[in-house]
Number of protein chains: 2
Amino acid sequence: MTSQQLSVRVAINSWKLVVERADKVFSNLSDSQLLKKVVAPGRNRLIYLLGHLTAIHDAMFSILGLGPRLHPELDAIFVSEPDNKQVQLPAASDLKRYWDEVNRKLLSQFESLSADEWLQRHRAMSEEDYAKNPARNRLAVLLNRTTHTSYHLGQALLAVE
Amino acid sequence: MTSQQLSVRVAINSWKLVVERADKVFSNLSDSQLLKKVVAPGRNRLIYLLGHLTAIHDAMFSILGLGPRLHPELDAIFVSEPDNKQVQLPAASDLKRYWDEVNRKLLSQFESLSADEWLQRHRAMSEEDYAKNPARNRLAVLLNRTTHTSYHLGQALLAVE
């Protein structure tokens, strides 16, 4: 294994660890618990965090150039708007299934990228900007999304501990 | 810049971003706000999170083999035990200073390591275990501590938003 392959392996391991911890939180809750439990009084419901993380992970297909996203319809509810009890959400059981599908497919795509492909620009960057700052690459997106998931995991655990 | 150097740069950028965001939360609060504000009712005070993150960051000097830690005395209060209002804490102003010192010195040490040194084993690993799994290296510690800080940052922001 080259140094660069090893670094990518470490980054994918970190992603997996955080996603598995989040998955444990969500999959251990019933649909009605997901709807009822909040991070703190007046704060996000866990179902909102599940939808939000699924949408952000799903968007990684586009940003990383890994093909079309599976559930772009989630953005309107879970990314563009804050949690709102007046809004009709997808069923918790459907969201759990999307979460699983998105994470499973992402991981399989991650494993198929070569070490050098991880250092190519991500799709939210122009060629010109990437030339100026080659650290704005796929690997940076992976690390950024890992810390994003961990950020909300810290909140989600407040609801279940 | 080699591929491996670029990967290390991306990882250090991710660490910096998360630590800067946490620093913004803590440095914008007065000492008495740090003592009073909690993540959620009955949960950690922000001063506990500040001490906890400072202690965990400080321990990185030892784990990464970067020399002696600056404040090992923090572990007894902020790592081994949960938040407890009966326990006498260091002054908030001192903790803020330790947080700054530790993060500044860590970052300067991070910048001085070569790309290959990041892939060497960390000090909590034996040579034998590292030989079996070379992904248990310094870079893995950096990513792990970055997600740890982000985890608590998500909680801390609940207290201040």
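Residues numbered from 1 in each chain as written. Chains lettered and ligands numbered in written order. Predicted model: local features only at pLDDT ≥ 70, side-chain atom pairs only at ≥ 80, totals over all residues. Heavy atoms only, no water.

Caption draft 1: Highlighting the packing of aromatic side chains. Residue and element names in this part refer to chain A. Here the structure, examined in full by the defined rule, presents eight aromatic pairs over all chains. Relative to Phe110, the ring of Trp15 lies with its centre 5.6 Å away and its plane at 70°, an arrangement referred to as edge-to-face. With Trp15 in helix H1 (residues 3-27) and Phe110 in helix H5 (residues 92-112), this pair connects stretches of sequence that are 95 residues apart. With respect to burial, Trp15 and Phe110 carry one shared label: buried. (Phe/Tyr/Trp six-rings, centres within 6.5 Å; stacked < 30°, edge-to-face > 60°. Helix = DSSP H or I, 4+ residues; strand = E, 2+ residues; numbered from the N terminus. Buried < 20%, exposed > 50% of the residue type's maximum accessible area, 1.4 Å probe, protein only.)

Caption draft 2: Representation of empty space enclosed by the protein within the structure. Across all of its chains, the model carries two cavities of 30 Å³ or more by this definition. In this model, the largest cavity occupies a volume close to 40 Å³. Forming the walls of the largest cavity are Ser14(A), Leu143(A), Thr146(A), Thr147(A), Ser14(B), Leu143(B), Thr146(B) and Thr147(B). Of all elements in the fold, only helix H7 (138-160) of chain A together with helix H7 (138-160) of chain B reach the threshold of two or more residues within the lining of the largest cavity. Among the residues forming the lining of the largest cavity, the class breakdown is two nonpolar, six polar and no charged. Considering the residues around the second largest cavity, the lining is formed by Ser7(A), Ala11(A), Leu139(A), Leu143(A), Ser7(B), Ala11(B), Leu139(B) and Leu143(B). If you list the elements that add at least two residues to the lining of the second largest cavity, you get H1 and H7 of chain A together with helix H1 (3-27) and H7 of chain B. Of the residues contributing to the lining of the second largest cavity, the split by class is six nonpolar, two polar and no charged. (1 Å grid on protein atoms, 1.4 Å probe; cavity = no way out; pocket = protein on both sides within 12 Å on 5 of 7 lines; lining within 4 Å. Points joined across faces, edges and corners; volume = space filled by probe spheres on them. Nonpolar A, V, L, I, M, F, W, Y, C, P; charged D, E, K, R; others polar.)

Caption draft 3: Summary view of the interface of chain B and chain A. Counting from both sides, the interface comprises 35 residues of chain B and, opposite them, 35 residues of chain A. Between chain B and chain A the total buried area reaches about 2700 Å² when both faces are included, carbon and sulfur atoms providing 65% of it. For the pair chain B and chain A, the number of links is zero salt bridges. The tally of links between chain B and chain A comes to eight residue pairs in polar contact (both at pLDDT 80 or more). Sort the elements by how many residues they give to the side of chain B that touches chain A and H7(B) lands first, with 13 residues. Along the lines of polarity and charge, the residues of the side of chain B that touches chain A split into 18 nonpolar, twelve polar and five charged. (Contact = heavy atoms within 4.5 Å. Buried area = accessible area lost by both parts, 1.4 Å probe. Salt bridge = Lys/Arg side-chain N within 4 Å of Asp/Glu carboxyl O. Polar contact = N/O pair within 3.5 Å; in protein donor to acceptor, adjacent residues only side chain to side chain.)

Caption draft 4: View of the nonpolar core. By size, the foremost hydrophobic cluster in this structure holds 104 residues, and its most contacted members are Phe110(A), Leu142(A), Phe110(B) and Leu142(B). Apart from the residues within four sequence positions on either side, Leu142(B) is in contact with Ala11(B), Ile12(B), Trp15(B), Met60(B), Phe110(B) and Trp118(B). (Core = buried A, V, L, I, M, F, W, Y, C linked by side-chain atoms within 4.5 Å.)

Caption draft 5: Examining the pattern of salt bridges more closely. Under the criterion given, the structure shown has 18 salt bridges over all chains. Taking the shortest distance from any N to any O, the salt bridge between Asp58(A) and Arg69(A) comes out at 2.9 Å. Residue Asp58(A) is located in helix H3 (residues 46-63), and its partner Arg69(A) is located in the loop between H3 and helix H4 (74-78); the two are separated by eleven residues in the primary sequence. As far as burial versus exposure is concerned, Asp58(A) and Arg69(A) are alike and both buried. Linking Glu127(B) and Arg121(B) is a salt bridge whose minimum nitrogen-to-oxygen distance equals 3.2 Å. Counted as one network, the salt bridges with shared partners bring together Asp58(A), Arg69(A) and Asp75(A).

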